[in-house]
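What follows is each chain in one-letter form.
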Amino acid sequence: NALEEPEVKPVEMEDIKLETAPTQPKADLSGEGVVLSKPNRMPTREEQYQKFKEQGNKHVGAQEYKKALNCYAKCITLCPKLTPAQLNSALCHLKLGDNKKAIS
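Below you will find a few notes about this structure. Because the structure is predicted, anything quoted here is derived from the model rather than measured.

This part is about the side chain of Lys53. In this fold, Lys53 is placed in helix H1 (residues 45-61). We note that Lys53 is buried and unpaired, the nearest opposite charge coming from Glu54 at a distance of 6.6 Å. Other than its neighbours up to four places away in sequence, Lys53 contacts Tyr72, Cys75, Pro84 and Asn88.

As structure tokens, this is what we get:
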């Protein structure tokens with residue numbers, strides 16, 4: 001029948017490729033996806049900071065202190081005046097036995 005509607009297949013989330021907006025040049029976002037709360041806008045520095053801080057906290061929970069340090073370093077680059085990432089970074093240095101870096 002010529003009037004039949006075409007079959008519509010459901011879309012699975014795996015079939016959708018999400019892309020992120022370009023980021024600030026100082027922040028190394030290699031391989032770390034930043035989820036945008038609204039499409040077609042750049043994430044703010046604070047949003048990026050929060051995302052990396054959360055990732056760092058997960059690494060600390062898994063006792064992956066070097067990975068956590070990388071996340072916190074990105075936070076500090078994005079928002080150097082926000083202290084939680086600096087304090088968390090010091091904690092990681094203490095856990096790794098590097099007391100001098102913890103206080104620098």
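Moving on from the coordinates now.
The next thing to look at is the packing of H1 against helix H3 (residues 84-95). At a minimum axis separation of 11 Å, H1 and H3 run at an interaxial angle of 20 degrees. Comparing their axes, H3 and H1 come out roughly parallel. Judged by the twist between their axes, the crossing of H1 over H3 is left-handed. Side by side, H1 and H3 meet where Tyr49, Lys53, Asn57 and Val60 of the first sit next to Pro84, Ala85, Asn88, Leu91 and Cys92 of the second. Taken together, the residues that form the contact of H1 with H3 break down as 6 nonpolar, 2 polar and 1 charged.

The phi angle at Gln63 is positive, at roughly 60 degrees, despite the residue not being glycine. Tracing the backbone through its elements, the reader meets Gln63 in the loop between H1 and helix H2 (65-78). Classification of Gln63 by relative accessible area gives exposed; the value is 60%.

Under the criterion given, the structure shown has 2 salt bridges. With its nearest N and O atoms 2.6 Å apart, the salt bridge here joins Glu47 to Arg41. Taking the relative accessible area as the measure of exposure, Glu47 reaches 29% and is therefore partly exposed. As a salt-bridge pair, Glu64 and Lys67 come within 4.0 Å of each other at their nearest N and O atoms. Here Glu64 falls in the partly exposed class, since its relative accessible area comes to 30%.

Looking now at H1. It helps to recall that an α-helix has 3.6 residues per turn; residues three or four apart then point in one direction. With 17 residues, H1 extends 24 Å from end C-alpha to end C-alpha; this agrees with the ideal 24 Å at 1.5 Å per step. Of the residues making up H1, those classed as buried are Gln48, Tyr49, Phe52, Lys53, Gln55, Gly56, His59 and Val60. Across the axial projection of H1, the buried residues extend over an arc of 165 degrees, all falling on one side. Facing away from the buried side of H1 by more than 90 degrees, the exposed set consists of Glu46, Lys58 and Gly61. Summarising the contacts, the buried residues of H1 are in contact with H2 and H3. Following H1 by one or two positions, Gln63 has its phi on the positive side, about 60 degrees.

About the cut-offs
- Residues numbered from 1 in each chain as written.
- Predicted model: local features only at pLDDT ≥ 70, side-chain atom pairs only at ≥ 80, totals over all residues.
- Heavy atoms only, no water.
- Helix = DSSP H or I, 4+ residues; strand = E, 2+ residues; numbered from the N terminus.
- Buried < 20%, exposed > 50% of the residue type's maximum accessible area, 1.4 Å probe, protein only.
- Lys, Arg positive; Asp, Glu negative; His and termini not counted.
- Salt bridge = Lys/Arg side-chain N within 4 Å of Asp/Glu carboxyl O.
- Contact = heavy atoms within 4.5 Å.
- Axes fitted to C-alpha atoms, helices over the stretch in contact; angles between N-to-C directions.
- Parallel < 35°, antiparallel > 145°, perpendicular 65-115°, else oblique.
- Left-handed = near helix turned anticlockwise from the far one by under 90°.
- Nonpolar A, V, L, I, M, F, W, Y, C, P; charged D, E, K, R; others polar.
- Expected span 1.5 Å × (residues − 1).
- Arc of directions from axis to C-beta.

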